[in-house]
Amino acid sequence: MASIFTKIIQGDIPCYKVAEDEQFIAFLDINPNAKGHTLCVPKQEINRIFEMNEEHYLALMKFSRRVAKALEKSIPCERIGMSVIGLEVPHVHVHLIPINEMKDMTFQHKVVLSSDEMTALASTIHGHL
Ligand code: AMP
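Along each chain, the written sequence defines residue order, and numbers are assigned to residues from 1. Reporting in this predicted model follows two pLDDT cut-offs: at least 70 for local features of residues, and 80 or more for side-chain atom pairs to be given and counted; totals over whole chains, interfaces and linings ignore these cut-offs and use all residues. Neither water nor hydrogens contribute to the side-chain values; these are computed over all heavy atoms in the structure.

S.K.: Mind showing me how you'd approach the environment of Ser3 here?
M.R.: Think of it this way: any DSSP run of H or I at least four residues long counts as a helix, any run of E at least two long counts as a strand, and we number them from the N terminus. Along the polypeptide, Ser3 turns up in the segment before helix H1 (4–9). A simple rule labels every residue: compare its accessible area, found with a 1.4 Å probe on the protein chains alone, to the largest value its type can have, and call it buried under 20%, exposed over 50%, or partly exposed in between. With a relative accessible area of 8%, Ser3 lands in the buried category. A sequence separation of 86 residues divides Ser3 from Val89, and the C-alpha atoms of the two residues are 7.2 Å apart.

Okay, here's the thing in structure tokens:
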């Protein structure tokens, strides 16, 4: 069965899209740790990040770095944190999280943003790519 991220990539489920190229897509996490929490996802559905071949993995890092730099320009924060988990969605994704303190990386502290705020945020980040 297609992962929820494959359904987003195919356009069957909406997302707050930040960036896209031939191989990858970036969109806002629907349950963000912090304002601007973004997921960078390969379009090819692969479960575990270290199952990716080296070229594909390095391309994901390059894409994530580009998105992270746009995030830094969009959200006032101490730095951009990065993590890879995949326990909830078994389709590779890099979490990019604007952080100010360690709790912003814990996935226990969440922020709630309106749909309008998410739309505006995605547009702002996209504008800084
Ligand atoms: P994990 O697989 O543990 O790395 O976590 C999956 C992440 O995907 C969580 O932070 C979720 O909030 C996020 N997520 C799940 N469904 C969606 C969706 N439809 N759109 C955006 N983010 C999602």
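S.K.: Explanation requested: the pattern of salt bridges in the structure shown.
M.R.: Side chains that differ in charge, positive against negative, can pair when their charged atoms come close. For salt bridges, the criterion is a side-chain nitrogen of Lys or Arg within 4 Å of an Asp or Glu carboxyl oxygen. For the structure shown, the criterion picks out five salt bridges. Of the charged contacts in the structure, one is a salt bridge between Arg48 and Glu51, with a shortest N-O distance of 3.8 Å. For the salt bridge of Glu101 with Lys103, the shortest nitrogen-to-oxygen distance reads 3.4 Å. Here Glu101 falls in the partly exposed class, since its relative accessible area comes to 44%. Through salt bridges with shared partners, a single ionic network connects Lys17, Glu20 and Lys43.

S.K.: When you look at the side chain of Ser3 in this model, what are you seeing that I'm missing?
M.R.: In protein, a polar contact requires one atom able to donate a hydrogen and another able to accept it; more generally it is a pair of N or O atoms within 3.5 Å, and residues adjacent in sequence count only if both atoms are side-chain atoms. One polar contact links Ser3 to His91, side chain to side chain, over a distance of 2.6 Å. Setting aside residues no more than four positions away along its own chain, Ser3 makes contact with Glu45 and His91. Any two residues whose heavy atoms approach within 4.5 Å are treated as being in contact.

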